[in-house]
Amino acid sequence: MTPAASDATVNPDQLRVLFATSECTPLVKTGGLADVSAALPAALGALGQDIRILLPGYREVLAQLPHSREIARIAPLAEVPGARLLLEQRAAGVPLIVLDCPELYDRSGGPYQTDAGVDWPDNALRFGLLSRVAALLGSSGSPLDWQPQVVHCNDWQTALAPAYLHYAPGAGAATLLTVHNLAFQGIFEPGLVAALGLPPDCYGTDGVEYYGKLSFLKAGLQFADAISTVSPGYAREIQGAALGFGLHGLLSWRKDALYGILNGIDTGLWNPATDPLIECHYSADTLAAKAGNKRVLQRRLGLASEREVPLFAVVSRLTEQKGLDWLLEITPQLLALPAQLVLLGGGDPQLERGFLALAHSHPQQVSATIGFDEPLAHMIEAGADVFLMPSRFEPCGMNQMYSQRYGTPPIVRATGGLADTVVDCNPATLADGSASGFVFHDPSAQALLAAIERAAGAWRDSASWRALQRNGMARDFSWVASARRYTGIYAQLAAQR
Ligand code: ADP
Ligand code: GLC
């Protein structure tokens, strides 16, 4: 591989890092991992690191990259098919290595599931291949002449890479595994160990075995040289039984190699002063213009054009994690405030049905859009008054940061990254200028309702509300500080090799 092969002459501190991921904005996205996989490598590149992204060539990805060119071929391994590596050299971006294997990735549907929401039956092979290739590129057997010093894996889909590297002959790259969500672990039948070309002796309690199954995530937590997760709060929480999803023992055993690094946001993409996806641009100094976005949103979604009623919003995967069943439970009280509610999301069929039924019975007050719609997500951030994220747990969360930047104070539960990024509004925090949203503690519908009532009360006091909006908009959620911390970990890992 030729591009930037001699970059090392430019910056002696430059590190070569392969960022392996299963989704990346704007090519393929189901959640925050895609946003991180675009913005963090870009921030690392801006700090001078030589970073490349490895991403599966799903049908929708290849369709957006007609000019990528083949740079290598990968031979099959056991039942893992062979593949081609394509390079997409983006003018202003991080080089992208696309893993092309039509047998595994060329199909309609999502990256992990069919259109009907069922996991792909061959996910072990699909992400086994991704992990295997990440490891291969970090090993002496790599077909490329660019070799990373660190392979940075993300979530279970790439978490088998440290296991492959552990069993590969010769010296290989160091590995960092970032856990974006411990709830997804990539658990499969043990027979797949052989199908994936891993040695039989890896299947033990100090290997990839997890309660009689093969676990991709456990493998990564076991074999990665370092582990990180996406907020300091979540790094603490996952070492305890309540949020450790059965892996807290291993995580606390590895605590010296476990880092909690807060995600940042792409402040270029998410900027209400320039966002091309919103109607009326505004900044902290021109907040009155935000009202235009509320009008546009109400009109587009068929809600009553009310100025004097607060508009609450949700943009989310609809899963147990997000606590939206609590919201459904208290909607009669929410609507009686009075208030409007806009929801964009998809997932759990029961939640989808619940919000659709509510919108059907209150068409002027409630709108529910089921599906994934990036432009609408931006319009909601800009047009809503209050953003709702009542998560049961939340490793980091991106939307509460986007909403603060858009002057749309969030209501969040005090968990994980939500607790790390939102300062509760009360007389003391309003006085010291830190208040930026509403934080509740109890995991219950009633606690959420109390926070909603507090927010609705605060919204009616326009001077305090403006202060709250401005505090949130002034916060620095950029990637710079966190990208430096990742760089520090890479440097330490590379030096240990
Ligand atoms: P998670 O990754 O757990 O889903 P995050 O808050 O980290 O939660 O990130 C979610 C990301 O996905 C945000 O960028 C959010 O705007 C986006 N998102 C979630 N659901 C939708 C949807 N239905 N349409 C558009 N964007 C969505
Ligand atoms: C996961 C988490 C979310 C986090 C995102 C990006 O999907 O659920 O909290 O923000 O990953 O790290």
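Worth saying up front: this structure is predicted, and the values here are computed from it rather than measured.

Criteria and thresholds
- Residues numbered from 1 in each chain as written.
- Chains lettered and ligands numbered in written order.
- Predicted model: local features only at pLDDT ≥ 70, side-chain atom pairs only at ≥ 80, totals over all residues.
- Heavy atoms only, no water.
- Pairing = 2+ DSSP bridges.
- Helix = DSSP H or I, 4+ residues; strand = E, 2+ residues; numbered from the N terminus.
- Axes fitted to C-alpha atoms, helices over the stretch in contact; angles between N-to-C directions.
- Contact = heavy atoms within 4.5 Å.
- Phe/Tyr/Trp six-rings, centres within 6.5 Å; stacked < 30°, edge-to-face > 60°.
- Buried < 20%, exposed > 50% of the residue type's maximum accessible area, 1.4 Å probe, protein only.
- Near = heavy atom within 4 Å.
- Polar contact = N/O pair within 3.5 Å; in protein donor to acceptor, adjacent residues only side chain to side chain.
- Areas by Shrake-Rupley, 256 points an atom, 1.4 Å probe, with all protein chains shown as cover.
- Nonpolar A, V, L, I, M, F, W, Y, C, P; charged D, E, K, R; others polar.
- Domains from an automatic or database assignment.
- Parallel < 35°, antiparallel > 145°, perpendicular 65-115°, else oblique.

Engineer: Whenever I open this one, the sheet that holds strand S3 (residues 69-74) confuses me. Can you help?
Structural biologist: What links the strands of a sheet is backbone hydrogen bonding, and the strands pair in either a parallel or an antiparallel sense. A sheet is described by the order of its strands in space; here nine strands give the open sequence S3-S4-S5-S2-S1-S6-S7-S11-S12, paired in mixed fashion. The open sheet terminates on both sides in strands that have one partner only, identified here as S3 and strand S12 (258-260). Taking the axes of each pair of neighbouring strands and ignoring which way they run, one obtains an average angle of 25° across the sheet. Note: strand S1 (residues 16-20) against strand S6 (residues 150-154), four bridges, orientation parallel. From the neighbouring strand, Ala 20 faces S6, where its bridge partner is Cys 153. Packed onto the sheet, helix H1 (residues 32-46) meets S1, strand S2 (50-56) and S6 and runs at close to 160° relative to S2.

Engineer: How should the packing of aromatic side chains be read in this particular structure?
Structural biologist: Taken as a whole and judged by the stated rule, the model has 13 aromatic pairs. Geometrically, the ring pair formed by Tyr 58 and Tyr 105 is edge-to-face, given 5.8 Å between the ring centres and 75° between the ring planes. With Tyr 58 in the loop between S2 and helix H2 (59-63) and Tyr 105 in helix H3 (residues 102-105), this pair connects stretches of sequence that are 47 residues apart. Its relative accessible area of 3% is what places Tyr 58 among the buried residues. With centroids separated by 6.0 Å and ring planes inclined at 70°, the aromatic side chains of Trp 270 and Tyr 406 adopt a geometry described as edge-to-face. With Trp 270 in the loop between S12 and helix H10 (290-301) and Tyr 406 in the loop between helix H15 (399-405) and strand S17 (410-413), this residue pair connects regions lying 136 residues apart in the sequence. Judged by relative accessible area, which is 3%, Trp 270 ranks as buried.

Engineer: Help me understand the site of ligand 1, please; the structure alone is not making it clear to me.
Structural biologist: Surveying the vicinity of ligand 1 reveals 21 residues, the closest of which are Gly 32, Asp 35, Arg 317, Lys 322 and Gly 371. At 2.7 Å from a nitrogen atom of ligand 1 is found a main-chain nitrogen or oxygen belonging to Gly 371. Contact distances for ligand 1 include 3.0 Å between a nitrogen atom and a backbone N or O atom of Asp 373. When the free accessible area of ligand 1 is taken as 560 Å², the share hidden by the protein chains comes to 93%. Where the shell around ligand 1 is concerned, the elements lending two or more residues are H1, strand S13 (311-318), strand S14 (340-347), helix H14 (374-383) and H15. Examining the composition of the shell around ligand 1, we find that three residues originate from one element, S13, more than from any other. For the shell around ligand 1, the class distribution of residues is seven nonpolar, seven polar and seven charged. Here the shell around ligand 1 spans two domains, and each of domain 1 (3-264 + 480-496) and domain 2 (287-473) adds at least three residues to it.

Engineer: I tried to follow the side chain of Gln 185 on my own but got confused; where do I start?
Structural biologist: By the secondary structure assignment, Gln 185 is in the loop between strand S7 (174-179) and strand S8 (187-188). A distance of 3.1 Å separates a polar atom in the side chain of Gln 185 from the backbone oxygen of Leu 182. Separated by 3.1 Å, the side chain of Gln 185 and the backbone oxygen of Phe 245 make a polar contact. In contact with Gln 185, not counting residues within four places along its chain, are Trp 156, Tyr 210, Ser 215, Phe 216, Leu 217, Phe 245 and Leu 247.

Engineer: What am I meant to see in the site of ligand 2 here?
Structural biologist: Ligand 2 sits among 14 residues. The nearest are His 180, Asn 263, Glu 394, Cys 396 and Gly 397. Between ligand 2 and His 180, the relevant distance is 2.7 Å, taken from an oxygen atom to a side-chain nitrogen or oxygen of the residue. At a separation of 2.5 Å, an oxygen atom of ligand 2 approaches a polar side-chain atom of Glu 394. Relative to its unbound accessible area of 310 Å², ligand 2 is 93% covered by the protein chains.

Engineer: Help me out: how do you make sense of the packing of H1 against helix H20 (residues 480-496) in this one?
Structural biologist: Angle between the axes and distance between the axes are the two parameters that describe a pair of packed helices. One way to put it is that H1 packs onto H20 with a least axis distance of 9 Å and a crossing angle of 75°. Compared by their axis directions, H1 and H20 come out roughly perpendicular. In contact with Leu 40, Ala 43 and Leu 44 of H1, H20 contributes Ala 483, Tyr 486, Thr 487 and Tyr 490. Considered class by class, the residues forming the contact of H1 with H20 number six nonpolar, one polar and no charged.

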